Amino acid sequence: MKQLHLLILLLGVFCPLMSGAQESKPARPLAPVPMGVKAYRDLLYVPNGTARQTLDLYVPAEGAGPWPVIVWVHGGGWQNGSKEQCLPLRAGFVDKGYAVASLNYRLSGDAVFPAQIEDCKAAIRWLRARAAEYRLDGAHFAAWGGSAGGHLVALLGTSGDVKEFDRGENLDQSSRVQVVCDFFGPSDLAVMVGTPGYERHALADSPESKLIGGIPTQIPEKAAAASPVTYVSPDDPPFLIVHGEKDPVVPADQSVRLQAALEKAGVKSQLIVIPGAKHGGPEFSTPSIQKTIAELFEQQLKLVKAN
């Protein structure tokens, strides 16, 4: 039954990066909280912020902690989507002894880049500042997201040493993460919009153009500033990158390029290109993929702590 719930979620959680997508949609109903999970909803991680600057935190109902944290960043072309559909929660990671934080962030209709990564980093700093209150392990954070969320978690991973993205409160806390799971996120915007078959992403109304405030090929410096590959360095955390071979929205070459950059920098990284898979779907919820993710998080967030 849990596998069925996960499959349904995967089919709906990754909103495509399609031109012409609506910038706002009716809020999804709150997902039920599984047994054994304590939920803290709509926590404001920016003082006097908006509903787009809130997070939901899920922790084990029993046990003393502190629990390593998995931060989930939703997709939706940076122009829609919601924290309500939280894949790590539905995949049972709280049962495995993790806290899970699901983020909202400002969408491109509210503010252009770098607002989105600034919000993600602000949320991580906020969580670390309140680690004792919620019994979190502030030294061990994972970032996991799909599509636009995959782009943002990859950027969290590669820009840990980029202070320009740290804005607002809790600046005494780190916004670095210790491991990244990137499901089919864009990694190099300028290259992506010029990839044969994906030229629609270079239109003025494309999600990428809305994100950075202009067509990526016409403002290459902004496209580079929003691209995870720009910031790859040897001190980046381990990555797991998963992409569908036949993805019609984000070309698999985007993940190949990110993997190559990480390897060149000496960063531990694994790329899985799923034959025949598209932009999300059941291929991403197979026991093999889920086992790989669980083992990576165990190694980087739990076993490392024990050593």
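A brief look at the structure comes next. (Residues numbered from 1 in each chain as written. Predicted model: local features only at pLDDT ≥ 70, side-chain atom pairs only at ≥ 80, totals over all residues. Heavy atoms only, no water.)

A look at the overall build of the chain
Across its full length, the chain carries 10 helices and eight strands. A separation of at least 24 residues holds for 77% of the contacts in the chain among residues at least 6 apart in sequence. Counting only carbon and sulfur atoms, one obtains 56% of the accessible surface of the chain, whose full area is about 12,000 Å². (Helix = DSSP H or I, 4+ residues; strand = E, 2+ residues; numbered from the N terminus. Contact = heavy atoms within 4.5 Å. Areas by Shrake-Rupley, 256 points an atom, 1.4 Å probe, with all protein chains shown as cover.)

Some thoughts on the environment of Gly276
Along the chain, Gly276 falls in the loop between strand S8 (269-274) and helix H10 (287-306). Linking Gly276 and Asp247, residues 29 residues apart in sequence, is a C-alpha distance of 8.3 Å. In contact with Gly276, not counting residues within four places along its chain, are Glu245 and Lys246.

Some thoughts on the sheet that holds S8
Judged by pairing direction, the sheet is mixed, and its eight strands sit side by side in the order S1-S2-S4-S3-S5-S6-S7-S8 without closing on themselves. Looking at which strands have only one partner, the edges of the open sheet turn out to be strand S1 (37-44) and S8. Direction aside, neighbouring strands of the sheet carry axes that sit 15° apart on average. Note that strand S6 (residues 179-183) and strand S7 (residues 239-244) share four bridges and pair parallel. The residue bridging Val180 from the neighbouring strand is Phe239, located in S7. Across the sheet, helix H9 (residues 253-264) touches S6, S7 and S8, and the angle it forms with S7 is around 160°. (Pairing = 2+ DSSP bridges. Axes fitted to C-alpha atoms, helices over the stretch in contact; angles between N-to-C directions.)

Some thoughts on the packing of helix H3 (residues 115-129) against helix H5 (residues 148-158)
For the pair H3 and H5, interaxial distance at closest approach is 10 Å and the crossing angle is 65°. Taken as a pair, H3 and H5 cross one another with a handedness that is right-handed. Listed contacts from H5 to Gln116, Ile117, Cys120, Lys121 and Ile124 of H3 are Leu152, Leu155 and Leu156. (Left-handed = near helix turned anticlockwise from the far one by under 90°.)

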